[in-house]
Amino acid sequence: MIENLLLGLSVAVSPSNLLFCLFGALVGTLIGVIPGLGPTATIALLLPFTYTLDPLAALIMLAGIYYGSQYGGSTTAILVNMPGEVSAVITCIDGHKMALQGRAGTALTVAALGSLFAGCVATILIAAWAKPFASLAQKFSSPEYFSLMIVGLVMALVLAAGSMLKAVAAILLGILVGTIGIDPGGSGYRYTFGQPILFDGIGFAAVAMGMFGIVEIISHLEEVHSGKQRIIPVGRLWMSLEDVKRSLGPVVRGTAIGSVLGILPGGGAALGSFASYAVEKKVSRRPEEFGNGAIEGVAGPESANNAAAQTSFIPLLTLGVPSNGISALLMGAMLIQGIAPGPNVMTSKPELFWGLIASMLIGNLMLVVINLPLVGMWIRVLRLPYNYLFPTVLIVCCIGVYSINNSIFEVLIMVTFAVVGYIMRKANCEGAPFLLGLVLGPQLEEYLRRSMLMGQGDPSIFFLRPISAGLIIAAIVLLIVALAPTVRRTREEAFTGS
Amino acid sequence: MFGKDRIRNQPDLLAALLFGLSGLAGLILGWPLASGTAAAMGSGYFPKLVSWLLIAAAVALVVRSLIGTPEKITLVRVRPIVFIVIAALLFAFLLERIGLAVTAFVTIVVATFAARDISHVQRVILALVLSTASVVLFVYALQQPLSVWGPR
């Protein structure tokens, strides 16, 4: 493992890779700070530009944007009580209270340092788990992959905020939209209306930008009624000995929680932070302090969300199965480069695999510097009125999406799915399951088709093979557990942060 | 039958409509595709399967909308969505006809109408600044093949 990490480091510290890492970290922090533009939309926006880049550089940058946005999101949460990122919602609760008590600097420091610890530990965990995961995958054939994806989708359901039924439907809709185009066998034209432009299907970058970028703008405009927000002065970036003592436990626990939850399909940074807050509150000797500036309420969740953001890459990098919207987009980036994600990537392209992992260590270090001493820079960004920001975001999205193929069609796709995304939002339906369905649909179909071919049309093939049967049973058990009344209540509590 | 008071959960009904109509479209538009059998799937097999599942989910959602927890659709303001969508459509319509510079300007001006509290002066200045910056960034810095003035 050590030699592999060293190999990765040697590749990751090349000047151009370092530059892309820095760029990703800066952009990530920036969009984490700006409300309304999240990592999903940004990664989707930059995806087309990665075509010309070296594959490792592209992945380093995109990954940097994701975990960078976790850092940036906490800055706004603490200083302005506005989460720049979903996972920062929890940080608002105690973080902003600390700021109001004049301890903004401390809150920022514990958030950044906790995230650094979590990021480093998560990186080591990824390095350690990579081989076992990949060798497990060697035993996989079509039925196992199909069952694994089903488990993944079920977990995405269970762990999605809000109604599971709607999440299922969203996934199905994503899969259906993904079937548009020429069928895998090359013989049928599905839903193409004779238009050649549709033969390749609907590009997910345009869809992602419409559903996440444009819809965010519209939603924000619906809610916000101008007025500048009050930004608390930062004060000293300092933690007292007492603060450090109280934060150690939460940071370690948060890292553990986040690392585990991040791997689960459907998991990711948001779930990690919510779970950690709940745990810290239960474990604390002073639960009444939570909600009034308890440092544990910042230390734990901030570590958890960073750990989860990084371990969420494990399923993609080792098994080739993306576990959330962000990894789905990263899978897209790999496909653009002609790299088929899967267990083979580790052995056939070790510099890519280990270089990416090593870059996460470097990225975390950069982010601490970007977020602590340079926090003044971000405060200036926060002062920009949203009225200036949203047209910027809009025009960047339009031009960016056009640049994918130099095609107006992509812009129209973006607008169409912005409308669809808007309707879904009004219907209290999350967009991420849709994106997951869109990206996984073609694979799901292929594995199903091959499995049925192998089993000659008999679905029992999924149950006769041991690994596949185990996975399907796990999926069913998960569903039953998630539907049980007590578990439902806990889910709701976790997602409303009460 | 679907009087406003009978529907307890509006978002669920909206979701049911979205998903149900999509499933129906999937079936109707996919009618001519060959289904084949499970062992030898035709191009229509999977899409139709998914469409049926969507319809099933939609039916479940309709039932839930009638008996579930009461909930209303929140915060629908006309301005933001209308102007953002129009701005983006204008962009699509104009870009290859009159080039990036003017298109960006028009798009931004229209988009700013999505917010309530921007003065006309602010609109124009913002549009000028952003369209100039876009041209500089995308055409000169990033070397994208976009025409700045006039058709492609």
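Residues numbered from 1 in each chain as written. Chains lettered and ligands numbered in written order. Predicted model: local features only at pLDDT ≥ 70, side-chain atom pairs only at ≥ 80, totals over all residues. Heavy atoms only, no water.

Participant: Before we move on, can you summarise the overall build of chain B with the specific residues and values?
Facilitator: For chain B, the count of helices and strands is five helices and zero strands. Mapped from its N terminus to its C terminus, chain B presents α and β elements in the order α-α-α-α-α. Against the 2.2 N^0.38 benchmark of 15 Å for 152 residues, chain B shows a C-alpha radius of gyration of 23 Å, more extended than a compact globule. Oriented by its inertia axes, the alpha-carbon framework of chain B measures out at about 55 × 45 × 20 Å. Looking at chain B as a whole, 47% of its 152 residues qualify as buried. Sequence-distant contacts, at least 24 apart, represent 62% of the contacts inside chain B between residues at least 6 apart. Only carbon and sulfur atoms are counted for the fraction: they give 72% of the accessible area of chain B, which is about 8000 Å². Of the charged side chains in chain B, 12 are positive and 5 negative; the average position of the first set lies 4 Å away from that of the second. (Helix = DSSP H or I, 4+ residues; strand = E, 2+ residues; numbered from the N terminus. Rg over C-alpha atoms; globule rule 2.2 N^0.38 Å. Buried < 20%, exposed > 50% of the residue type's maximum accessible area, 1.4 Å probe, protein only. Contact = heavy atoms within 4.5 Å. Areas by Shrake-Rupley, 256 points an atom, 1.4 Å probe, with all protein chains shown as cover. Lys, Arg positive; Asp, Glu negative; His and termini not counted. Charge placed at Lys NZ, Arg CZ, Asp CG, Glu CD.)

Participant: An account of the overall build of chain A is needed here, citing residue identities and associated values.
Facilitator: Within chain A, the regular secondary structure consists of 23 helices and two strands. With 498 residues in all, chain A has 62% of them scored as buried. In chain A, the share of contacts with a sequence separation of at least 24, taken over all contacts with a separation of at least 6, comes to 78%. On chain A, roughly 18100 Å² of surface is accessible, and the fraction owed to carbon and sulfur atoms is 67%.

Participant: Could you give an account of helix 12 (residues 296-311) of chain A, naming the residues involved and the relevant values?
Facilitator: With 16 residues, helix 12 of chain A extends 22 Å between its outermost C-alpha atoms, agreeing within 8% with the 22 Å of an ideal straight helix rising 1.5 Å per residue. Taking burial as the measure, the 16 residues of helix 12 of chain A include 16 buried ones, the bulk of the element. (Expected span 1.5 Å × (residues − 1).)

Participant: Mind laying out helix 22 (residues 466-483) of chain A, listing which residues take part and the relevant values?
Facilitator: All names here are of chain A. An ideal rise of 1.5 Å per residue puts 26 Å on 18 residues; helix 22 measures up with 26 Å between its terminal C-alpha atoms. Along helix 22, the residues classified as buried are Ser 468, Ala 469, Leu 471, Ile 472, Ala 475 and Ala 482. Down the axis of helix 22, the buried set is contained in an arc of 165 degrees. They therefore lie on one face. In helix 22, the exposed positions angled more than 90 degrees off the buried face are occupied by Pro 466 and Ile 480. (Arc of directions from axis to C-beta.)

Participant: Kindly report on unusual backbone geometry, identifying the contributing residues and their values.
Facilitator: Residues and elements named next belong to chain A. With a phi close to 55 degrees, Tyr 191 is a non-glycine residue in the positive phi region. Summarising the element assignment, Tyr 191 is placed in the loop between strand 2 (189-190) and helix 9 (204-223). Take Tyr 191: its relative accessible area is 10%, and that puts it in the buried class. Positive phi values are uncommon outside glycine, yet Asn 428 reaches one of about 60 degrees. Mapped onto the fold, Asn 428 is located in the loop between helix 19 (408-426) and helix 20 (432-454).

Participant: Before we move on, could you go through a nonpolar patch on the surface and cite the residues and values that matter?
Facilitator: Residue and element names in this part refer to chain A. A cluster of nonpolar side chains, Ile 2, Leu 6, Leu 9 and Val 13, forms an exposed patch at the surface whose accessible area comes to about 340 Å². Secondary-structure assignment places Leu 9 in helix 1 (residues 2-12). Under the relative-accessibility criterion, Leu 9 is labelled partly exposed at 30%. (Patch = residues over 30% accessible without salt bridge, like charges linked within 9 Å, V, L, I, M, F, W, Y side chains within 5 Å. Salt bridge = Lys/Arg side-chain N within 4 Å of Asp/Glu carboxyl O.)

Participant: Would you mind going over the packing of aromatic side chains in detail, with residue names and values included?
Facilitator: A full pass over the atoms with the stated rule returns five aromatic pairs over all chains. Arranged with centres 5.8 Å apart and planes meeting at 45 degrees, the rings of A:Phe417 and A:Phe434 form a pair that is tilted. Here the residue A:Phe417 occupies a position in helix 19, and A:Phe434 occupies one in helix 20, the gap between them amounting to 17 residues. For A:Phe434, a relative accessible area of 0% translates into the label buried. Taking NZ or CZ as reference, B:Arg97 lies 4.2 Å from the ring centre of B:Phe93, over its face. The ring of B:Phe113 carries B:Arg123 above its face, with NZ or CZ at 3.8 Å from the centroid. (Phe/Tyr/Trp six-rings, centres within 6.5 Å; stacked < 30°, edge-to-face > 60°. Lys NZ or Arg CZ within 6 Å of the ring centre and 35° of its normal.)

Participant: Give me the lowdown on the interface of chain B and chain A, citing residues and values where you can.
Facilitator: Contact with chain B, which involves 63 residues of that partner, is made by 58 residues of chain A. Carbon and sulfur atoms supply 78% of the area that chain B and chain A bury against each other, a total of about 5400 Å² over both sides. For the interface between chain B and chain A, the tally reads one salt bridge. A salt bridge links B:Asp12 to A:Lys166, with the nearest nitrogen and oxygen atoms 2.8 Å apart. Between the two partners, chain B and chain A, sit eight residue pairs in polar contact (both at pLDDT 80 or more). At the level of secondary structure, the elements contributing two or more residues to the side of chain B that touches chain A comprise helix 1 (10-29), helix 2 (45-67), helix 3 (78-98), helix 4 (100-112) and helix 5 (120-141) of chain B. (Buried area = accessible area lost by both parts, 1.4 Å probe. Polar contact = N/O pair within 3.5 Å; in protein donor to acceptor, adjacent residues only side chain to side chain.)

Participant: Break down empty space enclosed by the protein for me, with residues and values.
Facilitator: Residue and element names in this part refer to chain A. The tally for this structure, following the rule as stated, stands at three cavities of 30 Å³ or more. Considered as a void within the structure, the largest cavity measures approximately 70 Å³ in volume. If you trace the largest cavity, you find it lined by Tyr 71, Ser 74, Thr 75, Leu 108, Ala 111, Ala 112, Ser 115, Glu 302, Asn 371 and Leu 372. Broken down by secondary-structure element, the contributors of at least two residues to the lining of the largest cavity are helix 4 (55-80) and helix 6 (104-138). The element that contributes the greatest number of residues to the lining of the largest cavity is helix 6, accounting for four residues. Considering only residue class, the lining of the largest cavity consists of five nonpolar, four polar and one charged. (1 Å grid on protein atoms, 1.4 Å probe; cavity = no way out; pocket = protein on both sides within 12 Å on 5 of 7 lines; lining within 4 Å. Points joined across faces, edges and corners; volume = space filled by probe spheres on them. Nonpolar A, V, L, I, M, F, W, Y, C, P; charged D, E, K, R; others polar.)

Participant: I'd like a description of the pattern of salt bridges, backed by residues and values.
Facilitator: Considering all chains together, one arrives at ten salt bridges over all chains under this definition. Where A:Glu144 meets A:Arg465, a salt bridge forms, and the shortest distance between an N and an O atom there is 2.9 Å. With A:Glu144 in helix 7 (residues 142-159) and A:Arg465 in the loop between helix 21 (461-464) and helix 22, this residue pair connects regions lying 321 residues apart in the sequence. Judged by relative accessible area, A:Arg465 falls into the partly exposed class, the value being 25%. A salt bridge links A:Arg449 to A:Glu446, with the nearest nitrogen and oxygen atoms 2.7 Å apart. Pair noted here: A:Arg449 and A:Glu446 are both in helix 20, with a separation of three residues, about one helical turn. Given a relative accessible area of 28%, A:Arg449 falls into the partly exposed group. For A:Glu446, a relative accessible area of 16% translates into the label buried. Residues joined in a network through salt bridges with shared partners are A:Lys166, B:Asp12 and B:Arg64.

Participant: Describe the environment of A:Tyr145, naming the residues involved and giving the relevant values.
Facilitator: All names here are of chain A. Assignment of secondary structure puts Tyr 145 in helix 7. A relative accessible area of 12% places Tyr 145 in the buried class. Remark: the alpha-carbon pair of Tyr 145 and Val 321, spanning 176 residues in sequence, is separated by 8.8 Å.

Participant: Describe in detail the confidence of the model for chain A, supporting the description with residues and values.
Facilitator: Taken as a whole, chain A shows an average pLDDT of 80; of its residues, 90% reach a score of 70 or greater. Within chain A, the lowest mean pLDDT, 58, falls on helix 23 (residues 485-496) of chain A, and the highest, 92, falls on helix 19 of chain A. (pLDDT = per-residue confidence, 0-100.)

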